Amino acid sequence: MHFKNLNGSYFGATSTTSYLPSRRYAFNIRGFSAETRIIARQRRVITSKRTTLLPTRESHKRSEKTLPFSSYPSSAKDPVNLQNSYERPEMAGTPTVFVTSATGSQGSALCNELLKIGWNVRATTRDLGTPSAQALRAAGVHLTVASSWDDEDALRKGIEGCDKLYLCLYPNLEDFQQLPRQAALITRLAKEAGVTQAISSTTLGSFMIEEGLEPPVTLGPLFDAHVHCKKRVEQNVIDGGFDHWTILRPCFFMANFLEPKIQFGYTETKRGSWTNSLTAETLLGLIDHVDIARFAVAAFQDPTTYHGRKLGLISEELLVQEAMDQLAEAVGDGRSIKAIFMTDEEIAKAQAEGSWLVFASETCVRYMSDYTDLDELHRLLPKLTTFREFLERENEAVKETYLS
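Here the structure is a predicted model, which means the values were calculated and not measured.

### Side note on the overall build of the protein
Scanning the protein from N- to C-terminus turns up 14 helices and 15 strands. Taking all 404 residues of the protein together, the buried fraction comes to 57%. Expressed as a percentage of contacts within the protein between residues at least 6 apart in sequence, the contacts between residues at least 24 apart total 77%. Here the protein has roughly 16,300 Å² of accessible surface; of this, 49% comes from carbon and sulfur atoms.

Given below as structure tokens:
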């Protein structure tokens, strides 16, 4: 098996284009919100103070540099692969955010939230013709083609004119030097472009290697390398010279139990069990990727309050069996899903064999609650999403994952 771009097993896993085999899972797993789609169809940008009409389709014909703006993915006749960017009119005086990994679960959710408040959004994609890229451009995201996060010229073009940066990159398990190198390039280009605020989304595990915060167990070599890699990404943002910075450290993604993330270590739940390295008394910190996006928007809108903060993000804490019971109930066919808890000996064996499944090879995950403050998170952002609410919202994806 090729492990180069696997994410779902880690704290704060990010989703990549490879996780999006069809449109039904692309955005917030199932698509941009109805409000955002309506905004796109009406060619409007809704702000808290006013409604401004975007130029009509006809106005785009006057510029050879722009493509028709549509509320739906482009048909084959649209020349999406004949140039290296898709440009749309942007609102002067409105903040512009460069979002990395925009076709992933976090990135697409953030694009959605930013568009709902009328902000400009820029991102990159490897191919303008993919369904996920077309959905982004249809919603109003300004896209630039970049072959990778090492494509300096394309990144410079994409970041040009942006005020804010959202940095969320996925790890390469074969090269833990790659991620910090790419983060250094992106943050440098952002600073050169005049970006004044940066937010980095990494992993809750970063807390575990900070002085005085170490868990009472030793991290396995693979996970230790991973969190040190993520910590270096964070440091690029902290040292980047931005006026304001914030570090978001998500815990276990609710979406890990649904397609497409379930393919990376969690398909056992489809067979009625989940073998894990937690305990029956351990609280599992669950995060909804849409809540991550909401925290990012809150920080972008209030940079002073969030400046210099490192926030461990969860939406809800549940006992593992409680989470499995709610998942089984959401499937709705009478099944049960049993939580199976590994012994320390079984965990040590998995770790020695080089397992990349953090929640089936690390005892450190039993200490997640030490790094989060749910009361403080509710104070900052009321109405966080419960796991039950997430499963209700993603009902179609639940059915597709477990019943198809």
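### A look at the confidence of the model for the protein
For the protein, per-residue confidence averages 82 on the pLDDT scale, and residues scoring 70 or more make up 77% of the total. In this model residues 1-83 is a low-confidence stretch, pLDDT under 50, and it forms 221 contacts with partners more than four residues away in sequence or in other chains.

### What about helix α5 (residues 152-159)?
Of all the positions in α5, only Ala 154, Leu 155, Gly 158 and Ile 159 are classed as buried. Projected onto a plane normal to the axis of α5, the buried residues spread over an arc of 125 degrees and lie on a single side. Packed against the buried residues of α5 are β4 (96-99), β5 (120-125), β6 (142-145) and α6 (178-193). The first or second residue beyond α5 is Gly 161, which carries a positive phi of 90 degrees.

### Some details on helix α4 (residues 131-139)
Residues separated by three or four positions in an α-helix point in the same direction, a consequence of the helix having 3.6 residues per turn. With respect to burial, α4 is a largely interior element, eight of its nine residues being buried. Of all the positions in α4, only Ser 132, Ala 133, Gln 134, Ala 135, Leu 136, Arg 137, Ala 138 and Ala 139 are classed as buried. Residue Gly 140 follows α4 closely and has a positive phi angle near 120 degrees.

### A short note on the packing of helix α10 (residues 320-331) against helix α14 (residues 395-403)
Remark: α10 packs on α14, axes separated minimally by 9 Å, with the N-to-C direction vectors making an angle of 90 degrees. Considering their axes alone, α10 and α14 lie roughly perpendicular with respect to each other. Here α10 contributes Leu 327, Ala 330 and Val 331 to the contact with α14, which in turn contributes Asn 395, Val 398, Lys 399, Tyr 402 and Leu 403. Each residue belonging to the contact of α10 with α14 can be placed in one class, and the counts come to six nonpolar, one polar and one charged.

### Observations concerning the packing of aromatic side chains
One pass over the structure, following the stated rule, counts 11 aromatic pairs. Seen from their ring centres, Phe 387 and Phe 390 are 6.3 Å apart, and the 10 degrees between their planes marks the pair as stacked. Placement of both Phe 387 and Phe 390 in helix α13 (residues 387-393) is noted, with a separation of three residues, approximately one turn of the helix. Assigned by exposure class, Phe 387 and Phe 390 land together as buried. Linked through ring pairs, Phe 252, Phe 257, Tyr 266, Trp 274, Phe 359, Phe 387 and Phe 390 together constitute an aromatic cluster. If you follow Arg 249 out to its NZ or CZ, it ends over the ring of Phe 207, 4.3 Å from the centre.

What counts and what doesn't
- By convention here, each chain's residues receive numbers from 1 onward along its written sequence.
- Confidence filtering applies because this is a predicted model: local features only for residues at pLDDT of at least 70, side-chain atom pairs given and counted only at 80 or more, and all residues used for totals across whole chains, interfaces and linings.
- With hydrogens and water excluded, all non-hydrogen atoms of the structure serve as input to the side-chain values.
- The way it works is that DSSP assigns letters per residue, a run of H or I at least four long becomes a helix, a run of E at least two long becomes a strand, and they are numbered from the N terminus.
- With a 1.4 Å probe rolled over the protein chains alone, any residue whose accessible area is under 20% of its type maximum counts as buried; one over 50% counts as exposed, and the rest are partly exposed.
- Residues count as neighbours in contact if any of their non-hydrogen atoms are within 4.5 Å of one another.
- Note on areas: Shrake-Rupley, 1.4 Å probe, and residue coverage restricted to the protein chains presented here.
- Think of pLDDT as the predictor's per-residue confidence, scored from 0 to 100.
- Think of it as the arc spanned by the lines of direction from the helix axis to the C-beta atoms.
- Lines fitted to the C-alpha atoms define the axes, with helices restricted to the stretch that makes contact. Angles between their N-to-C directions range from 0 to 180 degrees.
- Just so you know how the angles are binned, under 35 degrees is roughly parallel, over 145 roughly antiparallel, 65 to 115 roughly perpendicular, and the rest oblique.
- Gly is put with the polar residues, along with every residue not named as nonpolar or charged; the nonpolar set is Ala, Val, Leu, Ile, Met, Phe, Trp, Tyr, Cys and Pro, and the charged set is Asp, Glu, Lys and Arg.
- A pair of Phe, Tyr and Trp rings is counted when the ring centres sit within 6.5 Å of each other, with Trp represented by its six-membered ring. The angle between the planes then sorts it: under 30 degrees is stacked, over 60 is edge-to-face, the rest tilted.
- Whether a charge sits over a ring depends on NZ of Lys or CZ of Arg being within 6 Å of the ring centre and within 35 degrees of the ring normal.

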